[in-house]
Amino acid sequence: MLEISGLVKRYPSGPQALRGVDLTVKTGELVALIGTSGAGKSTLVRCINRLVEPTEGKIRLDGTELTALDHRELRHARRNMGMIFQEYALVDRLSVMENVLSGRLGYVGVWKSAMRRFPPEDVRRALELLERVGLREYVDTRADQLSGGQRQRVGIARALEQQPALLLVDEPTSSLDPKTARQIMRLIVELVKERGLSMLINIHDVNLATMFTERIVGLQDGKIVFEGTPEELNEEALTKIYGEEDWHAESRSAQAETADNGNGEKSDEHVPLNTAEPGR
Amino acid sequence: MSDHVNAEQLWSKPPVIENRWLRWGITLVVLVYAFFAIRSFEIDIPRIIIGLDRGYDMLLAFLRPDFVARQTHIVRGVLESVAMTATATLLGGILSIPLSFGAARNLSPLPVYLVCRSILMIVRSLHVVVLAILFVVMVGFGPFAGAVTLGFNSIGFLGKLLAEDIENTNEESMEAVRATGGSWLQVVIYAVWPQVVTRFIGLSIYRLDINFRQSTVIGLVGAGGIGAVLDTAMGRYDYNTAAAILIVIIAIVLAGEYVSSSIRRRLT
């Protein structure tokens, strides 16, 4: 369980990014953060694993107070938090396997990791994950040879290779085409659900948010202005989060998508993964 | 536009210096200084005439290079230069790596950064010939002084360029490795090094090239190698041998440049 209270982030230059955020993600819960760019979504996600240092407030993960940890303890705590990035954040010149195995760096010593000598169970898990995301035959391909969707699959495998309790996801689909974006979201959500992880996902696509998550949190100018189920995300709520606009299409599709999700949309989703996008 | 003479000029390029007095003033100062500077050289016309003769002799000798008379010296000189070049590049390369990580602002805290940057700056500010004179005094004549000189020079070159490359690495990849719980050293090994290693190899091969060329120059001030053999030949007015040495140097430099650029092109 992730509990955030009174979280404030002030960057040395520029305005206050977060102005007192309180948010709880229960174990096994999938929460989407939506809001305009600059609303503080990315900062909020990065404050949790302290890639960005919070200015004030408390963040507790399964009882551990993350903001109080020293450097060494923080590295330990980070092993429990997997992260998926917008631009994939792979190391281009490393192979797919090396990128996935880098998820274990918190557990393996410097020398062994430098020599690529990972424990057999780590390698086995990595192979299983690559099989699962449909990249088994790309094990030794260099990451920069893959297409955008394939690269994000490697990013997913790396995050899960950590065996985290919490998955932090930062705009996973905004560099992808709409079809690939849906496949990637579906894959992430499936993996999270079957492993019983918690997930906090920051996503600007309202349709994807309502399709795939159970709770929506709207952030505006560093404050939470909406919290509710996808069904509750009506035109009024959207206006509160994003400002005046014609929200007719979004709010209608939100209701339709959530209704849809109930009757077995998932069933046909394993198949297209390997064949979806061939390498460039 | 038929009437050139009376055509009204609508536009002309504005002068670089707007103020007309300043513009002509600067021109005048430059010309006057050039006049007096040339006057100060005490040009000795009879000496130039003798010199032209000598230059003509030298030119003739260069048309008849003599590879044979001092063959063993030439071969030994080349081998010395190659040995100097290789050891200098290897040592310089190895030593430049930690310095470059220290001199990259995105990896190192400010004090470490400043120390490493200063070391690189000082090393780079000394010209290779000045360094050579210094090391010849310190360790004596010969190729060892040359190897140390070139090694030192390589550290400055490789260290600075590698540091700049490290500062340009993808920040998100570093974040990703940090987010898994990796240590500073693991971030360097997994996220930074793979991004700069091919560039480092390319720079080292390029440096190998430069080091050989410079080994011929520093030989003239006593740091061994083929340059020393060339210096001796010139001192003895043995222009035929000198010509042979120059041809050997040019051939090796061209071959080295070809090989190094074709290898570097293949690195991705």
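As the structure is a computational prediction, the values presented were derived from the model and not from experiment. (Residues numbered from 1 in each chain as written. Chains lettered and ligands numbered in written order. Predicted model: local features only at pLDDT ≥ 70, side-chain atom pairs only at ≥ 80, totals over all residues. Heavy atoms only, no water.)

Visitor: Can you lay out the overall build of chain A for me, pointing to particular residues and giving the numbers?
Guide: Within chain A, the regular secondary structure consists of 11 helices and 10 strands. Looking at chain A residue by residue over its 280 residues, the buried ones come to 54%. Across chain A, every contact between residues at least 6 apart in sequence was considered, and the portion connecting residues at least 24 apart equals 70%. Looking at chain A as shown, the accessible area adds up to about 12,100 Å², and 48% of this sits on carbon and sulfur atoms. (Helix = DSSP H or I, 4+ residues; strand = E, 2+ residues; numbered from the N terminus. Buried < 20%, exposed > 50% of the residue type's maximum accessible area, 1.4 Å probe, protein only. Contact = heavy atoms within 4.5 Å. Areas by Shrake-Rupley, 256 points an atom, 1.4 Å probe, with all protein chains shown as cover.)

Visitor: Any details on the interface of chain B and chain A? Residues and values, ideally.
Guide: On the side of chain A, 30 residues touch chain B, which itself brings 20 residues to the contact. Per-residue buried area on chain B facing chain A is highest for B:Glu172, B:Thr180 and B:Tyr190; these three make up 32% of the total on that side. Counting across the interface, chain B meets chain A through 2 salt bridges. A salt bridge links A:Arg46 to B:Glu175; the nearest nitrogen and oxygen atoms lie 2.7 Å apart. Across the chain B-chain A interface, the total number found is 11 residue pairs in polar contact (both at pLDDT 80 or more). (Buried area = accessible area lost by both parts, 1.4 Å probe. Salt bridge = Lys/Arg side-chain N within 4 Å of Asp/Glu carboxyl O. Polar contact = N/O pair within 3.5 Å; in protein donor to acceptor, adjacent residues only side chain to side chain.)

Visitor: Pulling in residues and values, what's your account of the packing of aromatic side chains?
Guide: A complete count under the given rule lists 7 aromatic pairs over all chains for this structure. Relative to B:Phe152, the ring of B:Phe135 lies with its centre 5.3 Å away and its plane at 65°, an arrangement referred to as edge-to-face. Here B:Phe135, found in helix H5 (residues 128–139), pairs with B:Phe152, found in helix H6 (residues 143–167); they are 17 residues apart in sequence, far enough to count as distant. Judged by its relative accessible area of 8%, B:Phe135 is buried. The interplanar angle of 85° and the centroid separation of 6.4 Å between the aromatic rings of B:Tyr237 and B:Tyr239 together place this pair among those described as edge-to-face. A residue is classified by how much of its surface remains accessible, and B:Tyr237, at 59% relative accessible area, is exposed. Taking NZ or CZ as reference, A:Arg79 lies 4.1 Å from the ring centre of A:Tyr107, over its face. The ring of B:Tyr113 has B:Arg105 lying over it, and the distance from NZ or CZ to the ring centre is 5.6 Å. (Phe/Tyr/Trp six-rings, centres within 6.5 Å; stacked < 30°, edge-to-face > 60°. Lys NZ or Arg CZ within 6 Å of the ring centre and 35° of its normal.)

Visitor: Explain the side chain of B:Gln214 residue by residue, including any values.
Guide: Mapped onto the fold, B:Gln214 is located in helix H8 (residues 184–218). Not counting the four nearest positions on each side in its chain, B:Gln214 is found in contact with B:Val128, B:Leu150, B:Asn153 and B:Arg207.

Visitor: Go over unusual backbone geometry with me, naming the residues and quoting the values.
Guide: Residues and elements named next belong to chain A. At arginine 50, a residue that is not glycine, the phi angle is positive and equals roughly 55°. Tracing the backbone through its elements, the reader meets arginine 50 in the loop between helix H1 (41–48) and strand S4 (56–61). Classification of arginine 50 as buried rests on a relative accessible area of 11%.

Visitor: Before we move on, could you go through a negative patch on the surface and cite the residues and values that matter?
Guide: Together, A:Glu235, A:Glu244, A:Glu245 and A:Asp246 give the surface a local cluster of negative charge. Following the sequence through the fold, A:Glu244 ends up in the loop between helix H9 (235–242) and helix H10 (248–262). (Patch = residues over 30% accessible without salt bridge, like charges linked within 9 Å, V, L, I, M, F, W, Y side chains within 5 Å. Lys, Arg positive; Asp, Glu negative; His and termini not counted. Charge placed at Lys NZ, Arg CZ, Asp CG, Glu CD.)

Visitor: Lay out the sheet that holds strand S3 (residues 30–34) of chain A in plain terms, naming residues and giving numbers.
Guide: All names here are of chain A. Pairing in this open sheet of 6 strands is mixed, and the strands run S6-S7-S8-S3-S9-S10 from one edge to the other. The strands lining the two open edges of the sheet, one partner per strand, are strand S6 (81–84) and strand S10 (223–228). When the angles between neighbouring strand axes are averaged without regard to direction, this sheet yields 20°. Here strand S9 (residues 215–220) pairs with S10 via 5 bridges, running antiparallel. When the bridges of S10 are listed, valine 217 appears paired with glutamate 227. (Pairing = 2+ DSSP bridges. Axes fitted to C-alpha atoms, helices over the stretch in contact; angles between N-to-C directions.)

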